[in-house]
Amino acid sequence: HTPDALTGAVLAEAEAFFAGYDAVWTVIFADRYMPHGEALFSERRYSPRWHSPLMVLDDLRLAPGEPPAFQPGVVRASTPEHLDDIIRVLRDAFGTSSTISRRVVRDEHLTDPAAGVWHYLAYNGRTATACAMVALHASAMATVWNVGTRPFYRRRGVATAIMHAIQGDLHAAGLEACALLSSDEGVALYERLGYRTLAQVY
């Protein structure tokens, strides 16, 4: 949809729908593509919950910079045990419950190529230290989600190592670009890897 498709009437229809289920709901928009979004939502008494930079790497052929000094073993998840490790990392990195994590870390991601989802893990010996998820899109574009590192292993280059592995695999698979939502703390890492900020997503 174009940015002007989201009108007060559309929001009213959505609000009525979700009210029927007594559900909390969220609207997500990017300021660059919907500059009037903040005013529109404020008028309807929405309040901001979070915002993140939307970053993109336009060319996966770009050299990803120097490898990190700390070299964890990075693997693409291929077993149910890997998925269990990802859920443990998500719990420690984001405080996410296993119930929530199982919505995005599913067995069919390992067995169904059409799912278009890859999961990655970094290990220190047998200990899973960090994870990330990649969604593949028909437009030769990928998006990266849930890049998380357990607190003890942060600032050691673990996330950088996972991103190196992801970018290499995406390039080998013929994808052309990759996008992600960054935390404020992650912007410097992704900029070193060649990403640029497109917009703020609210």
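Everything below is about the structure shown above.
Residues numbered from 1 in each chain as written. Predicted model: local features only at pLDDT ≥ 70, side-chain atom pairs only at ≥ 80, totals over all residues. Heavy atoms only, no water.

Visitor: Even after reading the chapter, I still don't get the packing of aromatic side chains, so can you show me in this structure?
Guide: Here the distance between the centres and the angle between the planes together describe a pair of aromatic rings. Across all of its chains, the model carries 9 aromatic pairs by this definition. Relative to tyrosine 202, the ring of phenylalanine 29 lies with its centre 5.5 Å away and its plane at 20 degrees, an arrangement referred to as stacked. Highlighted residues: phenylalanine 29 in the loop between helix H1 (8-19) and helix H2 (37-43) and tyrosine 202 in the segment after strand E7 (196-201), separated in sequence by 173 residues. A relative accessible area of 28% means that tyrosine 202 is categorised as partly exposed. Taken together through their ring pairs, the aromatic side chains of Phe17, Phe18, Tyr21, Trp25, Phe29, Phe41, Tyr46 and Tyr202 make up a single cluster. Across from the ring centre of tryptophan 118, 3.9 Å away, lies the NZ or CZ of arginine 76, which sits over that ring. One cation-aromatic arrangement involves arginine 156 over phenylalanine 152; the distance from NZ or CZ to the ring centre is 4.5 Å. (Phe/Tyr/Trp six-rings, centres within 6.5 Å; stacked < 30°, edge-to-face > 60°. Helix = DSSP H or I, 4+ residues; strand = E, 2+ residues; numbered from the N terminus. Buried < 20%, exposed > 50% of the residue type's maximum accessible area, 1.4 Å probe, protein only. Lys NZ or Arg CZ within 6 Å of the ring centre and 35° of its normal.)

Visitor: Would you take a moment to explain the sheet that holds strand E1 (residues 52-57) for this structure?
Guide: Note on sheets: strands pair through backbone hydrogen bonds, and any given pair is parallel or antiparallel. The strand order across the open sheet built from 7 strands is E2-E3-E4-E5-E6-E1-E7, with neighbouring strands paired in mixed fashion. Two strands lie at the open edges of the sheet, namely strand E2 (73-76) and E7, each paired on one side alone. On average, adjacent strands in this sheet sit at an angle of 25 degrees to one another, irrespective of strand direction. Where helix H3 (residues 80-94) meets the sheet, its contacts fall on E2, strand E3 (117-124), strand E4 (127-137) and strand E5 (141-149), and the angle it forms with E3 comes to roughly 75 degrees. (Pairing = 2+ DSSP bridges. Axes fitted to C-alpha atoms, helices over the stretch in contact; angles between N-to-C directions. Contact = heavy atoms within 4.5 Å.)

Visitor: What is the right way to look at the pattern of salt bridges in this model?
Guide: Close approach of charged atoms lets side chains of opposite charge pair. Applying the stated criterion to the full structure yields 7 salt bridges. Note that arginine 91 and aspartate 92 form a salt bridge whose closest N and O atoms lie 3.0 Å from each other. Taking relative accessible area as the criterion, arginine 91 reaches 43% and is therefore assigned partly exposed. For aspartate 92, the salt bridge identified is with arginine 150, shortest N-O distance 2.7 Å. Of this pair, aspartate 92 sits in helix H3 while arginine 150 sits in the loop between E5 and helix H6 (158-172); the two residues are 58 residues apart in sequence, bridging distant segments of the chain. On the basis of relative accessibility, which here comes to 31%, the residue aspartate 92 falls in the partly exposed class. (Salt bridge = Lys/Arg side-chain N within 4 Å of Asp/Glu carboxyl O.)

Visitor: How should a nonpolar patch on the surface be read in this particular structure?
Guide: Taken together, the side chains of Ile28, Trp50, Trp145 and Leu181 present a nonpolar region at the surface, about 370 Å² in accessible area. Overall, the relative accessible area of 34% leaves tryptophan 50 in the partly exposed class. (Patch = residues over 30% accessible without salt bridge, like charges linked within 9 Å, V, L, I, M, F, W, Y side chains within 5 Å. Areas by Shrake-Rupley, 256 points an atom, 1.4 Å probe, with all protein chains shown as cover.)

Visitor: Honestly, the state of the cysteines in this entry has me stumped. Any pointers?
Guide: Disulfide: a covalent bond connecting the sulfur atoms of a pair of cysteines. This model, assessed by the stated rule, comprises 0 disulfides. Cysteine cysteine 131 remains unbridged, with the sulfur of cysteine 178 as its closest cysteine sulfur at 15 Å. Judged by relative accessible area, cysteine 178 falls into the buried class, the value being 0%. (Disulfide = S-S within 2.5 Å.)

Visitor: What should I look at first to understand the nonpolar core in this one?
Guide: Soluble globular proteins tend to bury their nonpolar side chains together. Counting 26 residues, the largest nonpolar core has Val134, Met163, Ile166, Leu170, Tyr190 and Tyr195 as the members making the most contacts within it. Looking at this core, the elements that each hand over two or more residues are E1, E3, E4, E5, H6, strand E6 (177-181) and helix H7 (187-192). No other element matches the 6 residues that H6 contributes to this core. The contact partners of tyrosine 195, leaving out residues within four places of it in the chain, are Met55, Val56, Leu57, Met163, Gln167, Cys178, Leu180 and Tyr190. In this structure, Leu83, Ile86, Leu90 and Cys131 belong to the second largest nonpolar core, which totals 11 residues. (Core = buried A, V, L, I, M, F, W, Y, C linked by side-chain atoms within 4.5 Å.)

Visitor: Just to check I follow, could you spell out the pairing of E6 for this structure?
Guide: Looking along a regular strand, one sees side chains alternate from face to face of the sheet. Taking burial as the measure, the 5 residues of E6 include 4 buried ones, the bulk of the element. Handedness of the crossover joining E5 and E6 through H6 is recorded here as right-handed. (Right-handed = clockwise from strand over helix to strand, strands pointing away.)

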